[in-house]
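This is what each chain is made of:
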Amino acid sequence: MRISVIGLGYIGLPTAAMFANRGHHVIGTDVDDKKVENVNKGVFAIEEPGLLAFLRDAFNTGNLRASVEIEPCDVFIICVPTPIDDGNKPDLSYVESAGKNIASVLQKGNLVILESTVPPGTTINLLKPILEISGLTAGKDFDLCHCPERVMPGQILKELTENRRLIGGIDTKSSKRAKELYSTFVEGEIYIADPTTAEFTKLAENTFRDVNIALANELALLCEKHNTDIWKVREMANNHPRVDIHKPGPGVGGHCLPVDPWFLVNGDSGLITKCREINDGMVEHVEATITANTGQNGVVAILGTAYKANTEDKRNSPTMKLLGLLDDFDIRLHDPYVKEHRKSIDEVVEKADTLVLMVDHRDYIDIVPADILKLMKGDVVIDTRNFFDPSEWKNAGAKYILLGAREPQI
Ligand SMILES: NC(=O)c1ccc[n+]([C@@H]2O[C@H](COP(=O)([O-])OP(=O)(O)OC[C@H]3O[C@@H](n4cnc5c(N)ncnc54)[C@H](O)[C@@H]3O)[C@@H](O)[C@H]2O)c1
């Protein structure tokens, strides 16, 4: 089959490679001509373990090529960005533009799949009419589905094949065709729904996580006020068979969790909006902790700039937001996964007044507190992830501050 994958980013490129490695002829399309050129040369900037080899395999099959121009194909899979604007409103301009491009080459018998995360109703109310500009009718002349992507950066390859998959076709034939297509590589169960239910389900999943993290963050702030420790509270409370408190932290980043809940609420205030505000506010709490414990113009060394552990993805990362709040300090950044922040930890912590752990990358497990404190000027260590062993730092002479925890006053 000739498959067109539109948008060769975190989702589109691995998806294109997956189909190419399964013997389909894949043409990836992107507006970024540098990306297109790189794919055609077999040059891939993705650093996820295993994924690079998988992309190179796809390139070597000769089944994968890229173009800035859309071409007629049997199947079109849309993987373009769906960000929010400054007012937290969905920006669907990329989906609109991809839809118009597809409409210009759409033929009878084609299947169009929207994988991008979108507000409920987008497939039916926005994409379908755009595709029908072609003069063809959805359901009669071509098939149309929303198949949300739910992979996690860092595990894309594994999750592309192992995750359960949801298919929201506009009719039974559309869903059946998409199911057959995904069955060529998906090992998880494949569920069928209508497009709006599929769109809503994907958003509900990420909103569930965002709301639960907000609860953990709110409890963490309350624990600080009450001189107790959220991490101990969480451990005790989660012994209860019907309680599962998430981990608090310095905020929620990435392409999905801080964005997707806004697609549901779309301007309404309520629990979901409040939770977004709580999670976004956590960096301000970290900034306040740094400011209260670091002298004016002090040097602050920050460990972790990615949005979460063991990935190079720093989109919407709490650390990058924190930077905008720390104008009065000399900031040094370290991250073993983010190319521009990959340097020696010793160099980053040298003469620092305060050390802040923002991301629990596995590489930080090797840090020896006494060695780091010897290099630092000050002794303040702020752990926002409960990653370090507090007693090791305290024994080495650090003033160790754990997010969500204060010493009990007995
Ligand atoms: N990254 C994730 O972990 C993840 C997980 C699940 C779902 N999603 C969703 O998948 C979608 C894509 O996300 P991503 O992370 O791959 O984005 P990305 O920014 O990494 O990649 C998107 C690509 O689309 C290209 N593009 C933009 N407009 C285009 C157009 N009109 N035609 C062709 N190419 C175009 C961009 O140049 C870019 O290369 C989003 O809706 C996102 O919410 C992402």
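Let me begin by describing the structure that accompanies this report. (Residues numbered from 1 in each chain as written. Predicted model: local features only at pLDDT ≥ 70, side-chain atom pairs only at ≥ 80, totals over all residues.)

In this section: the nonpolar core. Residues A16, A17, F76, I77, I78 and I113 are the most contacted members of the largest nonpolar core, which totals 66 residues. Here the element with the most residues in this core is helix α1 (residues 12-21); it accounts for six residues. Residue contributions to this core reach at least three from each of two domains, namely domain 1 (2-193) and domain 2 (205-402). Counting residues in hydrophobic clusters, the runner-up holds 38 residues, among them A306, Y307, L403 and A405. (Core = buried A, V, L, I, M, F, W, Y, C linked by C-beta atoms within 7 Å. Buried ≥ 20, exposed ≤ 12 C-beta atoms within 10 Å, placed from the backbone. Helix = DSSP H or I, 4+ residues; strand = E, 2+ residues; numbered from the N terminus. Domains from an automatic or database assignment.)

With that settled, the discussion passes to the site of the ligand. Around the ligand, the structure places 27 residues, and the nearest of them are G7, G9, Y10, I11 and S116. Ranked by the residues each element gives to the shell around the ligand, the list is headed by helix α4 (residues 93-105), at three residues. Among the residues forming the shell around the ligand, the class breakdown is 13 nonpolar, nine polar and five charged. (Near = placed C-beta within 6 Å. Nonpolar A, V, L, I, M, F, W, Y, C, P; charged D, E, K, R; others polar.)

Turning our attention to unusual backbone geometry. Backbone geometry places N316, a non-glycine residue, at a positive phi of 55°. The topology assignment puts N316 in the loop between β9 (299-303) and α12 (318-323).

Along a regular strand, successive side chains alternate from one face of the sheet to the other. Of all the five residues making up strand β1 (residues 2-6), four are buried; the element is thus mostly covered by neighbouring parts of the structure. For the segment spanning β1, α1 and strand β2 (residues 25-29), crossover handedness is right-handed. In terms of strand pairing, β1 meets strand β4 (residues 75-78) through four bridges, oriented parallel. Opposite I3, over in β4, you have V75 as the bridge partner. (Right-handed = clockwise from strand over helix to strand, strands pointing away. Pairing = 2+ DSSP bridges.)

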